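Spelled out from the first residue to the last, the chains are:
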Amino acid sequence: MSEGGGLPGGAGALDTRVAHNARVWNYWIGGRDNYGVDQRVGEHVVTMFPVIREVARADRDFLGRAVRFLAAERGVRQFLDIGTGLPTLDNTHEIAQRIAPESRIVYVDNDPVVLMHARTLLTSAPEGVTDYLDADVRDPDVILERAAATLDFTRPVAVMMLGILNFVLDSERAREVVRRIMAAVPSGSYLALTHPTFDADLGGTGNIPAMTYWNEHATPPITARGRAEIAALLDGLELLEPGLVPCSQWRAGPDSPDAVPQFGAVAVKP
């Protein structure tokens, strides 16, 4: 399971009768922007796949480390965060603008609850800009066209795709989404990616029955991928150290937590 949103056809009306990923993820990390149906489905998934709470926390911690690295060490001042999820503490713009207040951030999601909160919570430092787009990851051309109102695509952009490509069930289409977006940003831009895996060496086999249950009882449908499939999403980019690793251990230091069945990586466009 993973953080992003991404339903086809825009956010639409809020439906509290069916569990939704953005809200269940919010429940797993201790948030309050969820409903009874999200809690029930979330708890059932936990009984099937207890590590999911650690995955959720690890994915969120990866976001913080990746944004700090890109802003402080790589000098990035523009971020395109696709599959934002529900706002919580230390969102992308808050981390980036603490380092560089002039940073410009565009968030993209299409869950109605995310949209409602984004408009009130995702506020910028006076020196910078934040924007929110109600758009689907499967429509990269729409995202790029609308993001260009805020971001300068002649300057490097960090594209954040944390826990979102797992909602693009067809692997070739997922690769095409990445290719299209990264083709639109200049050399020196970055892609930060996380993705759930079913690889047994990371304890990912439990993702398979948990996701089967999810796809029968919640929305949107989701998939996990193996290491090679996830690596293929980064074709044409140069992986930065430490490469494609469990997101809990990406630049986490000597006391990094245990591996989780969720890969993370940051790559640069040559």
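Residues numbered from 1 in each chain as written. Predicted model: local features only at pLDDT ≥ 70, side-chain atom pairs only at ≥ 80, totals over all residues. Heavy atoms only, no water.

With 13 residues, helix H2 (residues 36-48) extends 19 Å from end C-alpha to end C-alpha; this agrees with the ideal 18 Å at 1.5 Å per step. Contacts made by the buried residues of H2 are with strand E1 (19-20), helix H1 (21-28), helix H3 (52-73), helix H8 (207-217) and strand E7 (218-219). (Helix = DSSP H or I, 4+ residues; strand = E, 2+ residues; numbered from the N terminus. Expected span 1.5 Å × (residues − 1). Contact = heavy atoms within 4.5 Å.)

Moving on: H1. Burial runs high along H1: eight of the eight residues are buried. Immediately beyond the C-terminal end of H1, within one or two residues, lies Gly30, with a positive phi of roughly 90°. (Buried < 20%, exposed > 50% of the residue type's maximum accessible area, 1.4 Å probe, protein only.)

The subject of this paragraph is the pattern of salt bridges. Summed over the entire model, instances satisfying the criterion amount to 12 salt bridges. When the shortest N-O distance is used, the salt bridge between Asp201 and Arg227 registers 3.0 Å. Pair noted here: Asp201 is in the loop between strand E6 (190-196) and H8 and Arg227 is in helix H9 (residues 227-232), with a separation of 26 residues, a long-range link. Accessibility expressed as a relative area gives 56% for Asp201, which makes it exposed. A residue is classified by how much of its surface remains accessible, and Arg227, at 34% relative accessible area, is partly exposed. Look at the salt bridges and you will find they share partners, linking Glu172, Arg175, Glu176 and Arg179 into a network. (Salt bridge = Lys/Arg side-chain N within 4 Å of Asp/Glu carboxyl O.)

Moving on to unusual backbone geometry. Along the chain, Thr219 connects to Pro220 via a cis peptide bond; the corresponding omega equals -10°. Tracing the chain through its elements places Pro220 in the loop between E7 and H9. One non-glycine residue, Asp90, lies in the positive phi region at around 55°. Structurally, Asp90 is set in the loop between strand E2 (78-82) and helix H4 (92-99). A positive phi is found at Arg251, a non-glycine position, where the angle reads about 50°. Within the secondary structure, Arg251 sits in the loop between strand E9 (245-246) and strand E10 (262-268). Owing to a relative accessible area of 37%, Arg251 belongs among the partly exposed residues under this scheme.

Below, the discussion takes up the nonpolar core. Counting residues in hydrophobic clusters, the biggest one holds 90 residues, and the most contacted among them are Phe79, Met160, Met161 and Leu165. At 11 residues, the largest contribution of residues to this core is made by H3. Setting aside anything within four residues of it in sequence, one finds Met161 in contact with Ile82, Val137, Val177, Val178, Ile181, Leu191, Ala192, Leu193 and Thr194. (Core = buried A, V, L, I, M, F, W, Y, C linked by side-chain atoms within 4.5 Å.)

Attention now goes to the packing of aromatic side chains. How two aromatic rings sit relative to each other is given by the distance of their centres and the angle of their planes. Considering all chains together, one arrives at three aromatic pairs under this definition. With a centroid separation of 6.0 Å and an interplanar angle of 70°, the aromatic rings of Trp25 and Trp28 are classed as edge-to-face. Of this pair, Trp25 and Trp28 are both found in helix H1, three residues apart, which corresponds to roughly one turn of the helix. Residue Trp25 is classed as buried on the basis of its relative accessible area, which comes to 2%. Ring pairs connect the aromatic residues Phe62, Phe69 and Trp250, which therefore count as one cluster. The ring of Phe69 has Arg251 lying over it, and the distance from NZ or CZ to the ring centre is 4.1 Å. (Phe/Tyr/Trp six-rings, centres within 6.5 Å; stacked < 30°, edge-to-face > 60°. Lys NZ or Arg CZ within 6 Å of the ring centre and 35° of its normal.)

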